[in-house]
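Read off the chains here:
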Amino acid sequence: MKVCSRCYGLLQNRRRPLLARMFHSLSQGSSFNKHSTHGNINSGITPPKFISQHTISLNPLQNLQKHVSVPILPADKISFSPTEDQIYQGHKLFIPSVTHKIEHLKSAVYEDQLPEHDLPEVAFIGRSNVGKSSLIKAILGEAPEARVRVSKTPGHTKVLNFFTVGKQLCLVDMPGYGFHMPEHYEKSVEGFLSSRKKLSRVIFLVDGTVGVTPTDVTGLNMMEEMSLPYIIVLTKIDKSKPAVLLKNFMSVRKYIDQLPACLQQPFLVSSLTGEGVELLQAFIAHVTGHLDVRTSEEHNH
Ligand SMILES: Nc1nc2c(ncn2[C@@H]2O[C@H](COP(=O)(O)OP(=O)(O)OP(=O)(O)O)[C@@H](O)[C@H]2O)c(=O)[nH]1
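Residues numbered from 1 in each chain as written. Predicted model: local features only at pLDDT ≥ 70, side-chain atom pairs only at ≥ 80, totals over all residues. Heavy atoms only, no water.

Draft legend 1. Structural detail: the pairing of strand β4 (residues 169–173). With five of five residues buried, β4 is to be regarded as a mostly interior element. Here β4 shows a buried face lined by L169, L171 and D173 and a second buried face lined by C170 and V172. As judged from the five bridges shared by strand β3 (residues 160–165) and β4, these two strands associate in the antiparallel manner. Each bridged residue has a counterpart across the sheet, and for F163 the counterpart in β4 is L171. In this structure, the hairpin formed by β3 and β4 is closed by a connection of three residues, where G166 is found at a positive phi of approximately 55°. (Buried < 20%, exposed > 50% of the residue type's maximum accessible area, 1.4 Å probe, protein only. Helix = DSSP H or I, 4+ residues; strand = E, 2+ residues; numbered from the N terminus. Pairing = 2+ DSSP bridges.)

What follows is the structure in structure tokens.
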């Protein structure tokens, strides 16, 4: 069996099963449509060829949609809808090389310790134990040398951790709020969020096995008060049955209409299986200016 070098690299990474399978099928000559889209779950009455053939999707929302007949997210709320090829381009940004190092830059607590650089930043925020570090670890899965630390103990992350992706961008892991949050949380996290000039986006994590909690609502209110652009990502989707995940997804939808600073399109991920990670990589590449994906609003103009 002949496997092209692009597929081979992907197949090595077991945390990336969807892309690996996708490009593997390509090399096997499947009639996969390069220009099909993924995010558009409602207009997708006829799903893209590749998805219908292989019953997998790079957007886990598509899989969730299969369990109900009514649209779980209206088409007009889906603005980020890259092609499979664009998702692959976004994914490539997170593959390290000699000239494109992916590494831990530094840890910091207070404003005067923050790194001085010109890189666009993407920060991860959420309750203790929601899966922030795990998600960064999955996004940087091709670069184990970045050494992202994950722990079962809530409140493990006490400092801000900066991870650089070449000279392109920087991911920022933040301590969790709620139970076990460090005493310096407010000074540290709010200090960071209010002072960074090149903060491209905040990724707000909600536990997909639990849904939006009162503690999350406090965090969402803080985001709205700060008026920073952010997205909501439901984590740990591998742990929930579809019915539970659907209920928790709807708990996000209930709030999202009232959150003007938040993208109306929530994302779903599992850091364990890698589901949804490539789409998020593409989103990060897009918002940091490294991937040109026209959003649905842009298409309309
Ligand atoms: N099954 C499953 N477990 C996950 C997933 N993401 C995280 N976990 C587990 O959840 C626990 C907490 O994960 P972390 O990534 O350390 O969470 P955090 O939000 O960084 O935690 P703090 O340091 O408390 O802020 C760990 O035991 C992870 O293995 C996931 O997608 N699926």
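Resuming the write-up.
Draft legend 2. Representation of the site of the ligand in the model. By nearness alone, 22 residues border the ligand, and K132, S134, G155, T157 and D238 come closest of all. Contact between the ligand and N129: an oxygen atom at 2.9 Å from a main-chain N or O atom of the residue. Contact between the ligand and V130: an oxygen atom at 3.2 Å from a main-chain N or O atom of the residue. Considered on its own, the ligand offers 650 Å² of accessible surface; in the complex 88% of this is hidden by protein. A breakdown of the residues in the shell around the ligand according to their chemical character gives four nonpolar, twelve polar and six charged. (Near = heavy atom within 4 Å. Polar contact = N/O pair within 3.5 Å; in protein donor to acceptor, adjacent residues only side chain to side chain. Areas by Shrake-Rupley, 256 points an atom, 1.4 Å probe, with all protein chains shown as cover. Nonpolar A, V, L, I, M, F, W, Y, C, P; charged D, E, K, R; others polar.)

Draft legend 3. Representation of unusual backbone geometry in the model. Phi at R147 is positive, roughly 50°, even though this residue is not glycine. Looking at where R147 falls in the secondary structure, it is placed in the loop between α6 (132–139) and β3. Residue classification places R147 among the exposed positions, given a relative accessible area of 67%. In this model, K236 sits at a positive phi of 55°, which is unusual for a non-glycine residue. Within the secondary structure layout, K236 lies in the loop between β6 (230–235) and α9 (242–256).

Draft legend 4. Inspection of helix α7 (residues 185–195) at higher detail. Within the sequence span of α7, burial applies to Y185, S188, V189, G191, F192 and L193. Where α7 is buried, its residues contact β2 (121–126), β3, β4, β5 (199–207) and α8 (214–226). (Contact = heavy atoms within 4.5 Å.)

Draft legend 5. The arrangement of the packing of aromatic side chains in detail. For the structure shown, the criterion picks out seven aromatic pairs. Centroid distance Y177 to Y185: 6.3 Å. Interplanar angle 75°. Geometry classified as edge-to-face. A relative accessible area of 7% places Y177 in the buried class. Pairing Y177 with F204 gives two aromatic rings, centres 6.3 Å apart and planes at 40°, and the pair type is tilted. Here Y177, found in the loop between β4 and α7, pairs with F204, found in strand β5; they are 27 residues apart in sequence, far enough to count as distant. The same class applies to Y177 and to F204, which are both buried. Members of the aromatic cluster, connected to one another through ring pairs, are Y177, Y185, F204 and Y230. Across from the ring centre of Y110, 5.7 Å away, lies the NZ or CZ of K187, which sits over that ring. (Phe/Tyr/Trp six-rings, centres within 6.5 Å; stacked < 30°, edge-to-face > 60°. Lys NZ or Arg CZ within 6 Å of the ring centre and 35° of its normal.)

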